[in-house]
2 protein chains.
Amino acid sequence: MKKIIIVGGVAGGATAAARLRRLDEKSHIVLFERGEHVSFANCGLPYYIGETIKDRNKLFVQTVEGMSRKFNLDIRNLTEVRKIDRENKTVEVKNLQTGETYEESYDALILSPGAKPIFPPIAGINEADNIFTLRNIPDTDKIKTYVDETKPKKAVVIGGGFIGLEMAENLVDRGIHVTLVEMAKQVMAPLDVEMAAIVHRHLKEKGVHLILEDGVKAFEDNGMKIVLNSGKELTTDMTMLSIGVKPENSLAADAGLDIGERGGIKVNEYLQTNDPAIFALGDAIEVTDYINGQPAMIPLAGPANRQGRIVANNVYGKNQVYKGTLGTGIAKVFDLTVATTGNNEKVLSQKGMAYQVAHVHPASHAGYYPGASPIALKLIFDGKSGEIYGAQAVGVDGVDKRMDVIATAIKGKLTVHDLTEIELSYAPPFSSAKDPVNMAGYVASNMIDDGIETVQWHEIDQIIADGGILIDVREPVEREAGFIAGSINIPLGEIRDRLDEIPKDQTIYVTCQVGLRGYLATRILTANGYQAKNLDGGWKTYSTVFHSN
Amino acid sequence: MKKIIIVGGVAGGATAAARLRRLDEKSHIVLFERGEHVSFANCGLPYYIGETIKDRNKLFVQTVEGMSRKFNLDIRNLTEVRKIDRENKTVEVKNLQTGETYEESYDALILSPGAKPIFPPIAGINEADNIFTLRNIPDTDKIKTYVDETKPKKAVVIGGGFIGLEMAENLVDRGIHVTLVEMAKQVMAPLDVEMAAIVHRHLKEKGVHLILEDGVKAFEDNGMKIVLNSGKELTTDMTMLSIGVKPENSLAADAGLDIGERGGIKVNEYLQTNDPAIFALGDAIEVTDYINGQPAMIPLAGPANRQGRIVANNVYGKNQVYKGTLGTGIAKVFDLTVATTGNNEKVLSQKGMAYQVAHVHPASHAGYYPGASPIALKLIFDGKSGEIYGAQAVGVDGVDKRMDVIATAIKGKLTVHDLTEIELSYAPPFSSAKDPVNMAGYVASNMIDDGIETVQWHEIDQIIADGGILIDVREPVEREAGFIAGSINIPLGEIRDRLDEIPKDQTIYVTCQVGLRGYLATRILTANGYQAKNLDGGWKTYSTVFHSN
Ligand SMILES: Cc1cc2nc3c(=O)[nH]c(=O)nc-3n(C[C@H](O)[C@H](O)[C@H](O)COP(=O)(O)OP(=O)(O)OC[C@H]3O[C@@H](n4cnc5c(N)ncnc54)[C@H](O)[C@@H]3O)c2cc1C
Ligand SMILES: Cc1cc2nc3c(=O)[nH]c(=O)nc-3n(C[C@H](O)[C@H](O)[C@H](O)COP(=O)(O)OP(=O)(O)OC[C@H]3O[C@@H](n4cnc5c(N)ncnc54)[C@H](O)[C@@H]3O)c2cc1C
Ligand SMILES: CC(C)(COP(=O)(O)OP(=O)(O)OC[C@H]1O[C@@H](n2cnc3c(N)ncnc32)[C@H](O)[C@@H]1OP(=O)(O)O)[C@@H](O)C(=O)NCCC(=O)NCCS
Ligand SMILES: CC(C)(COP(=O)(O)OP(=O)(O)OC[C@H]1O[C@@H](n2cnc3c(N)ncnc32)[C@H](O)[C@@H]1OP(=O)(O)O)[C@@H](O)C(=O)NCCC(=O)NCCS
């Protein structure tokens, strides 16, 4: 009888165990979990603290007993794997309740130990008892009890990633005034900055005090005071530290398994470490970025679950290839949904890949049917082949759908041209006859096929400063709410009759509200012999960054 | 200067005109529209009658003046094209206001005349003044005025397609008691019958009186009485006739253009008729079914819009191929969303194509986060290659998203195996770490890769009648709400210990609530040397059809 040992009993480990048992009824499967609980809902933890999830039991997807019985597993919780002896194919484990240490042999070993929140050695951090990180049930209980019992008035969240933002929202839901401190110039790193700007505005609307480009220098007064790098001081009743995670790699590293630059366990395409008897998955491993082919750390539950199934398949002998991680991610941030897939501009620039960008602002569904709201949708693609590199979307409704469609399109190797042809479901409550994704495809295709040229939100001010001409083709009344300094106004409907006002000896830049009318004007100007460029995303994209108050 | 004439100024025609102008600033583009309005929201009409859309002006996406100006078009509304003279490349038109008739020449002619509601010569139909069809603004005004002024208490909707169901809902929204009469044994033909059964139940819950497998024999008493084929009689204050549309093909047919069997104008892959100067699109044409390659009539706005853009491209000389219509469709039916893509079982059987089916019932998002509701999702695929033929989904939330993902997957030629690997956005408010689409992919892949055998809801009763053994692996308490007659109960958790109760000399059938535990039991039995088959979709799919009250 084969014996398979799994380290870690939550997203990746539990999935691997379940699938393995389905494939293989006879093997002895031992699941070691350091914590008390297996198979819990990590992703639900912030919402239990915020009391959107009211019943703590809902966090437990499976119990130790239930899961043991259902899948005939030998689950040993509160048991830590301390060491791997690769030569003898054994692990050393410690029962954390009894303190007993023993060895267990394996034929195959699966590592899904996850990651741990980064807890940096900042001055005063260890003296404070009101600084929290969130990863598991004990963390959750600690935070929730603290909130329930001490009823904090003010909280500081350090780090504006997914978990930081979810915690900001959930603490606000508990009536706490939240300050969010982020070292970068934007929250939510998978977004580019102009897309993050929409989130910044929304956070402020929701009363979150947002401090960007600043970090913590020291905690003072037992954590009641935070001194920032800028010298600014904050008082707080509690602090959430959510500045990222690092892989739980010590077990693997100590056993001489290959570790990547950023600490992830290295695996081959079968999710096998450099020891063929040992597989690894989940937050602990380094994956291949599906878009740029480089090593990446993408600690998300979807990939962990998928990898768990693939590892089980491979331990069973199926030889299934894991094709890399696209990094599709999503977060609810108060009323907004924020979603991304693939690579953003920052990553592509860093990797030296050339790309083009299109911003559109279509409605979530037909504008004439109640409840439609705009989606800011950004598509990033190869300006020659039309290959899709990534997408980002922010809006109140229908954001997840569009991101999932684009993520699927990427997996299907569809180009931006194909996006114009995908046939999405349309009735007024759900979409428009041209879905936002079709629309993004149209805009991108026009750039490739018809040479429609655009200029980006971050370029236009300099262009005007250098003497460029920017025509705003909106109606005068629309300009009352704001316009780009230096632009001149010729409404779209008048442009054909007023061509003589427009000089032919220089490039003409055009803008409107969202980019659509600017595009129409660009077509008219180009047909009339002008060199014209449209401001991509129009005033809406531009003003999110530059007129965000 | 080229002159292009477009017949029909709504979905297809208006889109073609707009795109053509963007490509070609100089041509003379004449748009003829028989009605008063161009570019209106056909799809919004039911919701204006139901007063979800309150402002009539919202139905007009563009006005004649606005659109003329914006796109420099020669729009002639209230003008009907009566005849095409292909030899001389002219059309004969009649100004419906003045009665004047004149000719207009063209270099290229685009036909987007749409379709008209079928109005069959049923006895008494012409004597009644309370029988309505719905296609355009005048129809809408007539119905709305009738409802507003006569305040009908009872209405009969004939035909359970998209428009019939939307009208049923909107009339109920106006406080009217609705009877829906449908000739087939199910509403919503793109669904298969077990999926439609969910809709049937919901309609009844919403107070709609549903009469299936019956049709209208005669209208009596000026339409106040309806006699059905069954002999049943209904009294009614108004009747909506929505039994389908037929293509507006007379102009084309009279001009000797090729017409398909079901009345659609025939076009080649460039959407060109057999006269190279004449293009046709929209509801009026016969398309190629993207899945089975056969001619089909698919009168939907998404395809019409897409075709409009392609026709414009091709008139301009771009030679873009229209790759066929997938037929992705969706409707809101009270609280339900009903969506389909590709072919259903009925179509595939008719075309003689072999297929496999998988039913799953996952939650719209993580079960522990409030507001999740089940989605009945059906995937139809090639049992060998895993090619996806079609999908259907019914549920309260997240249905449109899953259908759009599958529609995109089909366009990307992804197989059911690929569905297991697509990386969809996951956070608890939006999905589960294994999205419903991934889940459908898992179930289908298991059938192909691991030979997991299933039996369908419509087969199991006969199997039991023939002496087959069906084990229900749910907990006893779950069976209290209903179970399949003749099934025996061995809960999943006990099955490994009770194998000796299960005979080895015949196929064992297994069922549970949704198919998941039945699958686990199938794995256990198979591993123990049994021949086992799982009831696909479990009690949930079975009971929708057989225990629908
Ligand atoms: C608050 C929060 C919210 C999140 N929200 C989302 C979201 O919305 N969407 C999303 O995609 N992802 C989300 N994630 C990330 C997701 O939970 C992880 O990507 C996923 O759980 C990773 O799975 P894993 O198996 O690698 O690690 P885990 O699920 O963390 O499991 C690892 C387990 O291994 C155990 N372990 C470690 N070392 C040992 C050892 N030596 N011996 C025994 N046991 C050991 C640990 O105790 C742990 O329980 C969230 C995470 C958190 C913390
Ligand atoms: C009530 C209703 C609800 C709908 N809901 C949906 C939905 O939710 N989703 C969806 O995808 N589709 C829906 N549709 C279908 C969608 O509206 C059509 O598929 C689409 O409008 C077809 O476009 P078309 O250009 O072919 O025809 P149309 O949009 O109908 O335009 C054809 C126009 O041509 C004009 N015309 C015809 N002959 C002549 C002539 N000889 N001279 C001059 N003018 C002429 C007609 O007056 C008409 O205005 C709905 C349709 C209706 C009626
Ligand atoms: C619950 C858990 C143990 C996984 O168990 P699992 O059995 O692999 O997953 P599910 O319960 O979703 O079931 C999926 C299986 O049922 C099958 N299935 C699902 N619905 C089915 C149906 N209607 N009919 C037949 N089979 C079905 C699938 O094919 C799949 O089996 P396969 O992998 O052999 O193909 C694991 O995912 C877990 O611990 N999750 C919680 C932790 C976590 O993921 N955290 C991060 C997110 S909060
Ligand atoms: C409105 C109508 C005239 C179409 O006009 P249209 O200009 O083709 O469509 P839209 O207004 O959606 O604009 C799409 C164009 O703007 C471009 N565009 C959209 N957003 C843009 C942006 N932010 N930046 C640049 N370009 C943009 C697209 O690329 C596309 O242009 P292209 O076709 O040249 O590539 C036509 O669709 C119509 O009459 N609709 C109502 C009738 C109908 O469809 N009924 C059925 C459904 S209810």
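Residues numbered from 1 in each chain as written. Chains lettered and ligands numbered in written order. Predicted model: local features only at pLDDT ≥ 70, side-chain atom pairs only at ≥ 80, totals over all residues. Heavy atoms only, no water.

Along its length, chain A carries 17 helices and 30 strands. Taken against the 2.2 N^0.38 rule, which gives 24 Å for 549 residues, the C-alpha radius of gyration of chain A at 26 Å falls within 12% of a compact globule. Expressed as lengths along the three principal axes of its C-alpha atoms, the size of chain A is roughly 90 × 55 × 40 Å. Burial status across chain A gives 61% buried among its 549 residues. Contacts in chain A between residues at least 24 apart in sequence constitute 62% of all its contacts with a sequence separation of at least 6. For chain A, the accessible area works out to roughly 20,400 Å², and carbon and sulfur atoms hold 48% of it. (Helix = DSSP H or I, 4+ residues; strand = E, 2+ residues; numbered from the N terminus. Rg over C-alpha atoms; globule rule 2.2 N^0.38 Å. Buried < 20%, exposed > 50% of the residue type's maximum accessible area, 1.4 Å probe, protein only. Contact = heavy atoms within 4.5 Å. Areas by Shrake-Rupley, 256 points an atom, 1.4 Å probe, with all protein chains shown as cover.)

Moving on, we get to the side chain of A:Glu104. Looking at the secondary structure, you find A:Glu104 in strand 6 (residues 101-105). Setting aside its immediate chain neighbours within four residues, A:Glu104 contacts A:Lys3, A:Ile5, A:Phe32, A:Arg76, A:Lys89, A:Thr90 and A:Val91.

Moving on to the site of ligand 3. As a structural note, the neighbourhood of ligand 3 is formed by 32 residues, with A:Arg19, A:Arg22, A:Ser39, A:Arg309 and B:Tyr519 the closest of them. At the site occupied by ligand 3, the surrounding residues belong to chains A and B. Interatomic distance of 2.7 Å between a side-chain N/O atom of A:Arg309 and an oxygen atom of ligand 3. Between an oxygen atom of ligand 3 and a side-chain N or O atom of B:Lys434, the distance comes to 3.0 Å. Considering ligand 3 on its own, with 960 Å² of exposed area, one finds that the protein chains cover 92% of that surface. Listing elements by their share of the shell around ligand 3, those giving two or more residues are helix 1 (11-23), helix 3 (64-71) and helix 8 (301-316) of chain A together with strand 23 (356-360), helix 12 (436-449) and helix 16 (516-527) of chain B. For the shell around ligand 3, the leading source of residues is helix 1 of chain A, giving six residues. Residue classes in the shell around ligand 3 are distributed as 20 nonpolar, eight polar and four charged. (Near = heavy atom within 4 Å. Polar contact = N/O pair within 3.5 Å; in protein donor to acceptor, adjacent residues only side chain to side chain. Nonpolar A, V, L, I, M, F, W, Y, C, P; charged D, E, K, R; others polar.)

For the rest of this paragraph, the subject is the relation of the copies chain A and chain B. Both copies of the chain are related through a single rotation about an axis accompanied by a shift along the same axis. With an RMSD of 0.0 Å, chain A superimposes on chain B once it is rotated by 180° and translated 0.0 Å along the axis. What we have between these two chains is a two-fold relation. The position closest to the rotation axis in chain A is occupied by the C-alpha of A:Gly412, lying 2.1 Å away. The fraction of interface residues of chain A whose copies in chain B are also interface residues reaches 100%, indicating that both copies meet through the same surface. (Least-squares fit on C-alpha atoms with pLDDT ≥ 70 in both.)

A few words on the interface of chain A and chain B. With 83 residues of chain A at the interface, the matching set in chain B holds 83 residues. For the pair chain A and chain B, the two sides together bury roughly 7,200 Å², of which 55% comes from carbon and sulfur. Interface area lost by chain A to chain B is led by A:Arg306, A:Tyr368 and A:Glu423, which between them contribute 12%. For the pair chain A and chain B, the interface holds 14 salt bridges. (Buried area = accessible area lost by both parts, 1.4 Å probe. Salt bridge = Lys/Arg side-chain N within 4 Å of Asp/Glu carboxyl O.)

Residues and elements named next belong to chain B. Structurally, Thr541 can be placed in helix 17 (residues 538-546). On the accessibility criterion, Thr541 (3% relative accessible area) is buried. Beyond its immediate stretch of four places on either side in the chain, Thr541 contacts Glu194, His359, His361, Trp457 and Asp536.

Moving on, we get to the UniProt feature "domain: Rhodanese" (unreviewed entry) in chain A. Mapped onto this numbering, the UniProt entry gives "domain: Rhodanese" (unreviewed entry) at residues 464-544 of chain A. Across residues 464-544 of chain A, helical content stands at 36% and strand content at 17%; the span's end C-alpha atoms are separated by 19 Å. (UniProt positions renumbered as here; feature names shortened; annotations may be inferred.)

Bringing the pairing of strand 29 (residues 508-511) of chain B into the picture now. Residue and element names in this part refer to chain B. Of the two faces of strand 29, the one lined by Ile508 and Val510 and the one lined by Tyr509 and Thr511 are each fully buried. Two elements, strand 27 (residues 469-472) and strand 29, share four bridges in a ladder whose sense is parallel. The residue bridging Ile471 from the neighbouring strand is Val510, located in strand 29. In this sheet, strand 30 (residues 532-535) lies alongside strand 29 in parallel orientation, the contact comprising three bridges. (Pairing = 2+ DSSP bridges.)

Residues and elements named next belong to chain A. The strand order across the open sheet formed by five strands is 9-16-10-11-12, and the pairing between neighbours is parallel. Unpaired on one side and paired on the other, strand 9 (131-132) and strand 12 (209-211) mark the two borders of the sheet. Bridging between strand 9 and strand 16 (residues 238-241) involves two bridges; their strand directions are parallel. Counted as the bridge partner of Phe132 is Met240 from strand 16.

Further remarks concern the pairing of strand 30 of chain B. Looking along a regular strand, one sees the side chains alternate between the two faces of the sheet. Residue and element names in this part refer to chain B. Of the two faces of strand 30, the one holding Ala532 and Asn534 and the one holding Lys533 and Leu535 are both buried throughout. Note: strand 26 (residues 453-455) against strand 30, three bridges, orientation parallel. The partner of Val455 across the bridge, within strand 30, is Leu535.

A few words now on the site of ligand 2. Near ligand 2, the surroundings consist of 31 residues, among which B:Gly12, B:Glu33, B:Ser112, B:Arg135 and B:Asp283 are the closest. One of the backbone N or O atoms of A:Tyr426 is found 2.9 Å from a nitrogen atom in ligand 2. In this structure, B:Glu33 approaches ligand 2 through a side-chain N or O atom, which is 2.6 Å from an oxygen atom. Burial of ligand 2 by the protein amounts to 94% of the accessible area it has alone, namely 980 Å². If you list the elements that add at least two residues to the shell around ligand 2, you get helix 1 (11-23), strand 4 (79-85) and helix 8 (301-316) of chain B.

Here the focus is the sheet that holds strand 14 (residues 225-228) of chain A. All names here are of chain A. Spatially, three strands are ordered 13-14-15 in an open sheet, and the strand pairing comes out antiparallel. Single-partner strands in this sheet number two, and they are strand 13 (216-220) and strand 15 (233-235). Geometrically, the sheet is characterised by an average inter-axis angle of 20° between neighbouring strands, direction not taken into account. Note: strand 13 against strand 14, four bridges, orientation antiparallel. (Axes fitted to C-alpha atoms, helices over the stretch in contact; angles between N-to-C directions.)

On to the packing of aromatic side chains. Considering all chains together, one arrives at 10 aromatic pairs over all chains under this definition. Feature note: the residues A:Trp457, A:Trp539, A:Tyr542 and A:Phe546 constitute an aromatic cluster, connected by ring pairs. The ring centre of A:Tyr48 lies 4.9 Å from the NZ or CZ of A:Lys144, which sits over that ring. Of note, B:Lys504 hangs over the ring of B:Tyr530, and the distance from its end group to the ring centre comes to 5.1 Å. (Phe/Tyr/Trp six-rings, centres within 6.5 Å; stacked < 30°, edge-to-face > 60°. Lys NZ or Arg CZ within 6 Å of the ring centre and 35° of its normal.)

When the parts of a complex come together, some accessible area is lost, and that lost area is often taken as the interface size. Residues and elements named next belong to chain A. Per the domain assignment, the segments of chain A are domain 1 (3-41 + 56-114 + 246-315), domain 2 (131-243), domain 3 (335-450) and domain 4 (454-547). If you average the C-alpha positions of domain 2 and of domain 4, the two centres end up 39 Å apart. If you look at the interface, domain 2 gives five residues, while domain 4 gives five residues. Roughly 410 Å² of surface becomes buried between domain 2 and domain 4 when both sides are summed, with 68% attributable to carbon and sulfur atoms. Its largest share of buried area at the contact with domain 4, domain 2 owes to Glu194, Ala197 and Arg201, together 81% of the area lost on that side. (Domains from an automatic or database assignment.)

A pair of packed helices is characterised by two quantities: the angle between their axes and the separation of those axes. All names here are of chain B. Two numbers describe how helix 6 (residues 193-205) lies on helix 17: the axes approach to 8 Å, and their chain directions differ by 60°. For the element pair helix 6 and helix 17, the recorded crossing hand is left-handed. Contact residues: helix 6 offers Glu194, Ala197, Ile198 and Arg201, while helix 17 offers Thr541, Thr544 and Val545. The residue inventory of the contact of helix 6 with helix 17, partitioned by class, reads three nonpolar, two polar and two charged. (Left-handed = near helix turned anticlockwise from the far one by under 90°.)

This part is about unusual backbone geometry. Positive phi, normally seen in glycine, also occurs at A:Lys151, with a value near 40°. Mapped onto the elements of the fold, A:Lys151 is located in the loop between helix 4 (137-150) and strand 10 (154-158).

What follows is about the pattern of salt bridges. Enumeration over the complete set of coordinates arrives at 74 salt bridges over all chains. The partner of B:Lys401 in a salt bridge is A:Asp404, and the shortest N-O contact between them spans 3.8 Å. Residue B:Lys401 is located in helix 10 (residues 399-411), and its partner A:Asp404 is located in helix 10 (residues 399-411); the two belong to separate chains. Among the ionic pairs, B:Arg135 bridges to B:Asp283, the shortest N-O distance being 2.8 Å. Here B:Asp283 lies in the loop between strand 18 (278-280) and strand 19 (287-288) and B:Arg135 lies in the loop between strand 9 (131-132) and helix 4 (137-150), a separation of 148 residues in the sequence.

It is worth spelling out helix 17 of chain B at this point. Inspection of helix 17 of chain B places B:Gly538, B:Trp539, B:Thr541, B:Tyr542, B:Ser543 and B:Thr544 among the buried residues, and these make up the whole buried set. Structurally, helix 17 of chain B contributes buried residues whose contacts are with helix 6, strand 23, helix 13 (460-465), strand 29 and strand 30 of chain B.

Once that is clear, we can look at helix 1 of chain A. Over its 13 residues, helix 1 of chain A extends 19 Å from the first C-alpha to the last, a length consistent with the 18 Å expected when each residue adds 1.5 Å. With 12 of its 13 residues buried, helix 1 of chain A lies for the most part within the structure. (Expected span 1.5 Å × (residues − 1).)

Two numbers describe how helix 16 (residues 516-527) of chain A lies on helix 1 of chain B: the axes approach to 8 Å, and their chain directions differ by 50°. With respect to helix 1 of chain B, the element helix 16 of chain A is oriented oblique. Taken together, the residues of helix 1 of chain B that come into contact with helix 16 of chain A (itself represented by A:Tyr519, A:Leu520 and A:Arg523) are B:Arg19, B:Arg22 and B:Leu23. Taken together, the residues of the contact of helix 16 of chain A with helix 1 of chain B break down into three nonpolar, no polar and three charged. (Parallel < 35°, antiparallel > 145°, perpendicular 65-115°, else oblique.)

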